[in-house]
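Coordinate analysis (summary)
Letter by letter, the chains look like this.
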Amino acid sequence: MSSKDAPPPLPEPLGVSVADSHTHLDMQEGSVEEALTKAAAVGVTTVVQVGCDVKGSRWAAETAAAHEAVHAAVALHPNEAPRIVLGDPDGWSRQGAREPGGDAALDEALAEIDALAALPHVRGVGETGLDYFRTGPEGMAAQERSFRAHIEIAKRHGKALVIHDREAHDDVLRVLREEGAPERTVFHCYSGDAAMAKVCAEAGYFMSFAGNVTFKNAQPLRDALAVAPAELVLVETDAPFLTPAPYRGRPNAPYLIPVTLRAMAEVKGMSEDALATAVAANTTRAFDY
């Protein structure tokens, strides 16, 4: 194994325990138990496991039921909705190639997410939202229909809404206004600028920052973090993606949360313990656990 593929070393443990508000354990190497043990060793004592399709959402719910340290969020990812409706000839997602299923297939998948969202250890509905990076104009209608349905599911079950917003800021904010956002709404892997952070703060939306806040070219993200109120900030890995600097490009995992949190504390001009204390309380409030 080259050093580029090797897992980064364990960082210094945090003085105050926090949660990884967004991770994909099903896409990471090793067992769930190993991931949780390594995370706990550095003060990351809770993780939110996020589903991106029906199968992954079922897995998230089962894993949360089996592990006290895991809470689940269930959803059809914004890129999953068009694949269900329009088909997926390349089989880019983990399901392999699929035939077009139309709106009926999307409704069927949403009904399954709705049933999972009712479970007590499922604390969030997400990741849902809009993604204009991977999905072209032909997929927008399916994405928006799916997003609106997830908002309704989250509100009906009293669960947090976890948003994936990629190059779609204005439309995501518009749909939230039109539908009325759930009481607890989380922008996962926050990707807006400082102006948008002010809009989110006014609406009371949580902003979760991932390892990309440490990237050299991410000044707009750091500017957003600087203006985001400390009581609305969360930290996440989105592992195995978005590994923080200096480990960019290597596999991410919940145990690397301290690296990102320390960088965030610097941006906010707060002590590590003060930010960790705020983030821990915020995550508990956001996901109501």
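To start, this report covers the structure provided alongside it. Since we're looking at a predicted model, the values are computed, not measured.

Here we take up the pairing of strand E4 (residues 122-131). The buried fraction of E4 is high, at 10 of 10 residues. Of the pairings in the sheet, the one linking strand E3 (residues 70-74) to E4 comprises 3 bridges and is parallel in character. Bridging from a neighbouring strand, Ala73 pairs with Gly124 of E4. Of the strand pairs in this sheet, E4 and strand E5 (residues 160-166) are connected by 6 bridges, and their pairing is parallel.

The next thing to look at is the pattern of salt bridges. Opposite charge on two side chains lets them pair, provided their charged atoms get close. Counted by the stated rule, this structure contains 16 salt bridges. Between Glu80 and Arg98 there is a salt bridge, with the nearest N and O atoms lying 2.9 Å from each other. Of this pair, Glu80 sits in helix H3 (residues 80-86) while Arg98 sits in the loop between H3 and helix H4 (102-117), placing them 18 residues apart in sequence. Through salt bridges with shared partners, a single network forms among Glu144, Arg148, Asp171, Arg174, Glu178 and Glu179.

Turning our attention to unusual backbone geometry. Cis geometry marks the peptide bond from Gly126 to Glu127; its omega dihedral reads 15 degrees. Tracing the sequence through the fold places Glu127 in strand E4. Phi at Cys189 is positive, roughly 45 degrees, even though this residue is not glycine. Note that Cys189 resides in the loop between strand E6 (185-187) and helix H7 (194-203).

Another aspect to go through is the packing of helix H2 (residues 54-66) against H4. At their nearest, the axes of H2 and H4 sit 10 Å apart, and the two run at 10 degrees to each other. With respect to their mutual orientation, H2 and H4 come out roughly parallel. Within the contact between the two elements, H2 uses Val54, Ser57, Arg58 and Ala61 and H4 uses Ala109, Glu112, Ile113 and Leu116. Tallied by class, the residues present in the contact of H2 with H4 amount to 5 nonpolar, 1 polar and 2 charged.

Here the focus is the layout of surface pockets. Remark: the empty space left among the atoms is shown by a probe the size of a water molecule rolled over them. Of the voids in this model, the largest pocket is the one considered here, and its volume is about 1000 Å³. Lining the largest pocket are 33 residues, with His77, Asp131, His164, Arg166 and Asp238 sitting closest to its centre. If you list the elements that add at least two residues to the lining of the largest pocket, you get H3, E4, E5 and helix H8 (219-227). By residue class, the composition of the lining of the largest pocket is 11 nonpolar, 10 polar and 12 charged. Taken as a whole, the second largest pocket spans an internal volume of roughly 320 Å³. Lining the second largest pocket are 16 residues; nearest its centre among them are Pro7, Gln28, Glu29, Lys38 and Ala253.

On to the sheet that holds E3, then. Across the sheet, which stays open at both edges, the 8 strands sit in the order E1-E2-E3-E4-E5-E6-E7-E8 with parallel pairing between neighbours. Strand pairing shows two members of the sheet lacking a second neighbour, strand E1 (18-23) and strand E8 (233-235), which therefore form its edges. This sheet shows a mean twist of 30 degrees between the axes of neighbouring strands, independent of strand direction. Along the sheet, helix H6 (residues 169-179) makes contact with E4, E5 and E6, crossing E5 at roughly 155 degrees. Against the sheet, H7 engages E5, E6 and strand E7 (206-209), with an angle of about 135 degrees to E7.

Along the chain, Thr214 falls in the loop between E7 and H8. In the structure, Thr214 is positioned 30 residues away from Pro244 in sequence and 5.8 Å away in space, judged by C-alpha atoms. Contacts of Thr214, omitting those with residues within four sequence positions, involve Arg222, Pro244, Ala245, Thr260 and Ala263. There is a polar contact of 2.8 Å between the side chain of Thr214 and the backbone nitrogen of Ala245.

Right, let's get into the side chain of Thr214. Classification of Thr214 by relative accessible area gives buried; the value is 16%. A distance of 2.6 Å separates a polar side-chain atom of Thr214 from the backbone oxygen of Gly211.

Thresholds, definitions, all that
- Residues numbered from 1 in each chain as written.
- Predicted model: local features only at pLDDT ≥ 70, side-chain atom pairs only at ≥ 80, totals over all residues.
- Heavy atoms only, no water.
- Buried < 20%, exposed > 50% of the residue type's maximum accessible area, 1.4 Å probe, protein only.
- Helix = DSSP H or I, 4+ residues; strand = E, 2+ residues; numbered from the N terminus.
- Pairing = 2+ DSSP bridges.
- Salt bridge = Lys/Arg side-chain N within 4 Å of Asp/Glu carboxyl O.
- Axes fitted to C-alpha atoms, helices over the stretch in contact; angles between N-to-C directions.
- Parallel < 35°, antiparallel > 145°, perpendicular 65-115°, else oblique.
- Contact = heavy atoms within 4.5 Å.
- Nonpolar A, V, L, I, M, F, W, Y, C, P; charged D, E, K, R; others polar.
- 1 Å grid on protein atoms, 1.4 Å probe; cavity = no way out; pocket = protein on both sides within 12 Å on 5 of 7 lines; lining within 4 Å.
- Points joined across faces, edges and corners; volume = space filled by probe spheres on them.
- Polar contact = N/O pair within 3.5 Å; in protein donor to acceptor, adjacent residues only side chain to side chain.

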